[in-house]
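In case you want the letters, here they are:
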Amino acid sequence: MFTLGRKIDINHTTNRLILIFSLIVGIIGYFITGAFSSGLSLAGGTFLTWALVREVDPKHEYSAFLSAALSLTNLFYFERLNLLAIFWILLLLRMVSEICGKKLTLLDLFLVFGFSAYLSISNENSIYLIPFIIALSSRMVFKEQTNISCAFLATSAAIFLIESFYFNYLSMADPGVSTKLNVVIISVLILFPFFIHFVRINGVMDDKGNPAHSEKMKLSQMLFPVIVLLLYLFVGIGLNNLIIYLSVITGVTVYSLIDRK
């Protein structure tokens with residue numbers, strides 16, 4: 001059974017708002033680009049931006065809308081969105097935080113491992129396996145399904161070593177931006193894990209209505225910028241995905257300074 005999916009309750013006001021907002025963005029994107037697939041990608045990107053923030057800042061519902069609004073920059077510079085990579089990050093964060101309120105199943109681990117392996121092979125870069133290894137390691141710290149996690153950890157590490165040293169799948173990426181902008185982006189990604197400690201999560205409930213595990217939640221929050229930094233340094237991130245990731249960080253940061261509750 002797959003437990004990492006989260007139901008969208010259409011009766012919840014903010015859920016209705018993001019679905020309508022994403023649909024409107026998709027329609028506007030279609031008219032701007034002239035391609036249905038581009039409009040669909042922009043709608044999906046807007047929704048996934050919102051979903052990412054709901055994982056990184058689960059206490060404040062409207063920080064997700066701020067980030068989604070910031071991600072509208074993609075309407076003016078649209079090239080291509082890698083929605084699978086965003087969805088993969090989403091699953092990794094849920095795997096660590098267990099915000100869904102259910103224990104991970106073997107199917108969950110297989111699927112996230114499968115996505116990690118697929119992305120590493122299709123992009124010819126083994127770095128995609130590192131976030132999965134980090135997520136597994138965090139579970140082992142809390143003694144969660146130690147034997148299964150250990151088996152997946154050993155398998156992932158073996159594949160990482162084979163891809164890195166036999167197939168030469170590990171290499172640094174060309175940022176494709178000016179040196180100053182490159183320094184700014186890297187600095188933001190390095191500093192955000194320290195800032196995230198000030199983003200409040202007290203009172204956050206999981207999907208089953210039980211208090212969320214605060215330490216797991218913090219690890220999940222910190223994992224997001226680490227994943228983005230690894231992808232930025234080793235794979236390279238397309239402009240539109242980068243806009244989404246930076247919108248998440250900016251939205252969470254700005255809203256947490258405004259709403260201190």
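Here we summarise the structure given alongside this text. These numbers come from a predicted model, not from an experiment. (Residues numbered from 1 in each chain as written. Predicted model: local features only at pLDDT ≥ 70, side-chain atom pairs only at ≥ 80, totals over all residues. Heavy atoms only, no water.)

Overview of the environment of Leu-42
Phase 1: Note on placement: Leu-42 falls in helix α2 (residues 36–56).
Phase 2: For Leu-42 and Arg-80, which are 38 residues apart along the polypeptide, the C-alpha to C-alpha distance reads 9.1 Å.
Phase 3: Not counting residues within four places of it along the chain, the set of residues in contact with Leu-42 comprises Val-25, Gly-29, Asn-74, Leu-75, Phe-78 and Leu-81. (Helix = DSSP H or I, 4+ residues; strand = E, 2+ residues; numbered from the N terminus. Contact = heavy atoms within 4.5 Å.)

A look at a nonpolar patch on the surface
Phase 1: Residues Leu-23, Ile-27, Tyr-30, Phe-31, Phe-36 and Leu-40 make up a contiguous nonpolar surface patch of about 700 Å² in total accessible area.
Phase 2: Counting only elements with at least two residues in the nonpolar patch, the list comes to α1 (13–33) and α2.
Phase 3: With four residues, the top contributor of residues to the nonpolar patch is α1.
Phase 4: Residue Phe-36 is classed as exposed on the basis of its relative accessible area, which comes to 61%. (Patch = residues over 30% accessible without salt bridge, like charges linked within 9 Å, V, L, I, M, F, W, Y side chains within 5 Å. Areas by Shrake-Rupley, 256 points an atom, 1.4 Å probe, with all protein chains shown as cover. Salt bridge = Lys/Arg side-chain N within 4 Å of Asp/Glu carboxyl O. Buried < 20%, exposed > 50% of the residue type's maximum accessible area, 1.4 Å probe, protein only.)

Overview of unusual backbone geometry
Keep in mind that most residues, glycine aside, have a negative phi and that most peptide bonds are trans.
Phase 1: Although it is not a glycine, Glu-98 sits at a positive phi angle of roughly 55°.
Phase 2: Position of Glu-98 relative to the elements: it lies in the loop between α4 (83–97) and α5 (106–122).

Comments concerning the pattern of salt bridges
Phase 1: Per the stated rule, a full pass over the model turns up five salt bridges.
Phase 2: Across the salt bridge formed by Arg-94 and Glu-55, the nearest N and O atoms sit 3.0 Å from each other. Taken together, the residues Arg-94 in helix α4 and Glu-55 in helix α2 connect sequence positions 39 residues apart. By the burial criterion, Arg-94 is buried, and Glu-55 matches it.
Phase 3: Between Glu-98 and Lys-216 there is a salt bridge, with its nearest N and O atoms 3.0 Å apart. Taken together, the positions of Glu-98 in the loop between α4 and α5 and Lys-216 in helix α9 (residues 214–234) put the pair 118 residues apart, joining distant regions of the chain.
Phase 4: Take Lys-216: its relative accessible area is 5%, and that puts it in the buried class.
Phase 5: Here the salt bridges share partners, and the residues they tie into one network are Arg-6, Glu-55, Arg-94 and Asp-207.

Details of the packing of helix α8 (residues 179–195) against helix α10 (residues 239–258)
Two packed helices can be described by the angle between their axes and the distance between those axes.
Phase 1: Between α8 and α10, the least distance of the axes is 12 Å, while the angle of their chain directions is 45°. With respect to their mutual orientation, α8 and α10 come out oblique. The handedness of the crossing between α8 and α10 comes out as left-handed. In this structure, α8 contributes Ile-185, Val-188, Leu-189, Phe-192 and Phe-195 to the contact, and α10 contributes Leu-242, Ile-249, Val-252, Thr-253, Ser-256 and Leu-257.
Phase 2: Looking at the contact of α8 with α10, its residues break down into nine nonpolar, two polar and no charged. (Axes fitted to C-alpha atoms, helices over the stretch in contact; angles between N-to-C directions. Parallel < 35°, antiparallel > 145°, perpendicular 65-115°, else oblique. Left-handed = near helix turned anticlockwise from the far one by under 90°. Nonpolar A, V, L, I, M, F, W, Y, C, P; charged D, E, K, R; others polar.)

A look at the packing of helix α6 (residues 129–141) against α9
Phase 1: Remark: α6 packs on α9, axes separated minimally by 10 Å, with the N-to-C direction vectors making an angle of 160°. By the criterion of interaxial angle, the relationship of α6 to α9 is roughly antiparallel. Note on packing geometry: the crossing formed by α6 with α9 is right-handed. Between α6 and α9, the contacting residues are Ile-130, Pro-131, Ile-134 and Ser-138 on the first element and Leu-219, Leu-223, Val-226, Ile-227 and Leu-230 on the second.
Phase 2: For the contact of α6 with α9, the class distribution of residues is eight nonpolar, one polar and no charged.

Things to note about the packing of aromatic side chains
Phase 1: One pass over the structure, following the stated rule, counts 13 aromatic pairs.
Phase 2: A centroid spacing of 5.9 Å and a plane angle of 65° characterise the contact between Phe-113 and Phe-152, whose relative ring orientation is edge-to-face. With Phe-113 in helix α5 and Phe-152 in helix α7 (residues 146–166), this pair connects stretches of sequence that are 39 residues apart.
Phase 3: Residue Phe-152 is classed as buried on the basis of its relative accessible area of 8%.
Phase 4: Taken together, the aromatic side chains of Phe-110, Phe-113, Phe-132 and Phe-152 make up a single cluster linked through ring pairs. (Phe/Tyr/Trp six-rings, centres within 6.5 Å; stacked < 30°, edge-to-face > 60°.)

Some thoughts on the nonpolar core
Phase 1: Ranked by size, the top nonpolar core spans 62 residues in total, and within it Leu-52, Ile-89, Met-95, Phe-224 and Tyr-245 carry the most contacts.
Phase 2: Tallying contributions element by element places α4 first for this core, with 10 residues.
Phase 3: Apart from the residues lying within four places of it in its own chain, the contact partners of Tyr-245 are Leu-52, Ala-85, Ile-86, Ile-89, Phe-224, Val-228 and Ile-237. (Core = buried A, V, L, I, M, F, W, Y, C linked by side-chain atoms within 4.5 Å.)

Observations concerning the environment of Val-254
Phase 1: With respect to the element layout, Val-254 can be found in helix α10.
Phase 2: Residues Val-254 and Ile-127, spaced 127 residues apart in sequence, show a C-alpha to C-alpha distance of 30 Å.

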